[in-house]
Amino acid sequence: INLTMNLADAFAAYDNDSTLFYLKKGYTLSDEIKNDTMATHFLLKYITYLPLAGKAVESIELFEKIDTAGMSDNMYIEYLKAATQMSSYVVSSYADQPEVAALWKSKTKTFQKELCSKLSNDSPLKKYHEAEYYFSLKDYDKATVMLKDLMDNEPESSNIRARAGHGLALIAQAFSDE
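Just so we're clear, the structure is a prediction, and the values are computed from it rather than from any experiment. (Residues numbered from 1 in each chain as written. Predicted model: local features only at pLDDT ≥ 70, side-chain atom pairs only at ≥ 80, totals over all residues. Heavy atoms only, no water.)

Enquirer: Quick question: what am I supposed to make of the packing of helix 2 (residues 16-32) against helix 3 (residues 36-49) here?
Expert: Any two packed helices are characterised by the angle at which their axes cross and by the distance between the axes. Taken N-terminus to C-terminus, the directions of helix 2 and helix 3 make an angle of 155°; their axes are 8 Å apart at the nearest point. When the axes of helix 2 and helix 3 are compared, the pair comes out roughly antiparallel. When the axes of helix 2 and helix 3 are compared, the crossing they make is left-handed. Of the residues in helix 3, those in contact with N16, T19, L20, Y22, L23, K24, G26, Y27, S30 and D31 of helix 2 are M38, A39, F42, L43, K45, Y46 and Y49. Taken together, the residues of the contact of helix 2 with helix 3 break down into 10 nonpolar, four polar and three charged. (Axes fitted to C-alpha atoms, helices over the stretch in contact; angles between N-to-C directions. Helix = DSSP H or I, 4+ residues; strand = E, 2+ residues; numbered from the N terminus. Parallel < 35°, antiparallel > 145°, perpendicular 65-115°, else oblique. Left-handed = near helix turned anticlockwise from the far one by under 90°. Contact = heavy atoms within 4.5 Å. Nonpolar A, V, L, I, M, F, W, Y, C, P; charged D, E, K, R; others polar.)

Enquirer: Help me understand the side chain of S158, please; the structure alone is not making it clear to me.
Expert: Mapped onto the elements of the fold, S158 is located in the loop between helix 8 (140-153) and helix 9 (159-177). Residue classification places S158 among the buried residues on the basis of a relative accessible area of 12%. A distance of 3.2 Å separates polar atoms of two side chains, one belonging to S158 and the other to E154. (Buried < 20%, exposed > 50% of the residue type's maximum accessible area, 1.4 Å probe, protein only. Polar contact = N/O pair within 3.5 Å; in protein donor to acceptor, adjacent residues only side chain to side chain.)

Enquirer: What am I meant to see in a nonpolar patch on the surface here?
Expert: A grouping of I1, L29 and I33 is seen on the molecular surface, where their side chains present a nonpolar patch of about 240 Å² in accessible area. Within the fold, I33 resides in the loop between helix 2 and helix 3. (Patch = residues over 30% accessible without salt bridge, like charges linked within 9 Å, V, L, I, M, F, W, Y side chains within 5 Å. Areas by Shrake-Rupley, 256 points an atom, 1.4 Å probe, with all protein chains shown as cover. Salt bridge = Lys/Arg side-chain N within 4 Å of Asp/Glu carboxyl O.)

Enquirer: Can you help me understand unusual backbone geometry in this one?
Expert: Generally, phi is negative for residues other than glycine and the peptide bonds are trans, each holding for most cases. Within the chain, K34 stands out as a residue other than glycine whose phi angle is a positive 60°. Relative to the helices and strands, K34 resides in the loop between helix 2 and helix 3. We classify K34 as exposed; its relative accessible area is 65%. Backbone geometry at K138 places phi at a positive 65°, although glycine is not the residue there. Along the chain, K138 turns up in the loop between helix 7 (124-136) and helix 8.

Enquirer: Sorry if this is basic, but what is going on with the pattern of salt bridges here?
Expert: Applying the stated criterion to the full structure yields three salt bridges. Linking K45 and D9 is a salt bridge whose minimum nitrogen-to-oxygen distance equals 2.5 Å. Of the two residues, K45 is situated in helix 3 and D9 in helix 1 (residues 2-11); the sequence distance between them amounts to 36 residues. What makes K45 partly exposed here is its relative accessible area of 28%. We note a salt bridge from K127 to D149, for which the minimum N-O separation is 3.9 Å. Note that K127 is positioned in helix 7 and D149 in helix 8, a separation of 22 residues in sequence.

Enquirer: How should helix 7 be read in this particular structure?
Expert: Residue pairs spaced three or four apart in an α-helix point in one direction, given the helix's 3.6 residues per turn. With 13 residues, helix 7 should cover 18 Å at 1.5 Å per step; its first-to-last C-alpha distance of 18 Å lies within 8% of that length. Of all the positions in helix 7, only L125, K126, Y128, H129, A131 and Y133 are classed as buried. Regarding helix 7, its N-cap is S123, as a side-chain oxygen of that residue lies 3.2 Å from the backbone nitrogen of L125 further along. In the segment just after helix 7, K138 is the residue with positive phi, at about 65°. (Expected span 1.5 Å × (residues − 1).)

Enquirer: Whenever I open this one, the packing of aromatic side chains confuses me. Can you help?
Expert: How two aromatic rings sit relative to each other is set out by the distance from centre to centre and by the angle between their planes. As enumerated under the stated definition, the model contains nine aromatic pairs in all. Note on F63 and Y79: the rings are 5.4 Å apart at their centroids and 5° apart in plane angle, and the pair reads as stacked. Of this pair, F63 sits in helix 4 (residues 56-64) while Y79 sits in helix 5 (residues 73-93), placing them 16 residues apart in sequence. The two residues F63 and Y79 agree in class, both being buried. For the ring pair F63 and F111, a centre distance of 5.6 Å and an interplane angle of 80° mean the geometry is edge-to-face. (Phe/Tyr/Trp six-rings, centres within 6.5 Å; stacked < 30°, edge-to-face > 60°.)

See below:
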């Protein structure tokens, strides 16, 4: 099962179809052996990547069926991470439908705020999501300070550092669009 998750993670950066294949396979295997924790991990990642395959509706339907009652604190944090990312992808999927996009943008902010409230103050992930939240509010000064801090303090191989660099690029683009 762990190998299946590793394969899904390995494909995530460049082959969404393979990622979805391995996540679905891992979910099925985990479900068959009654490993609810792993099944939930696979499902959360699966719903995160579905919108990237043009399957936002399926992602939303699966997401809305998840029962968070009784989730451990750590699993609930994983749920919020997935919810934040998935809802962000859904916003992009509905760019041509402003009402739907606005609804999911609002949900993204809600998930993000709750995620930040659950993470420790020194967590780089918390800092990143707070910066992303400020970016969504167009408070580019606060977002820039936080993202630069992550760039200065995270190792070069860090996913958070890469995401912070992307965030700074989006801020630069926002300024050039004005």
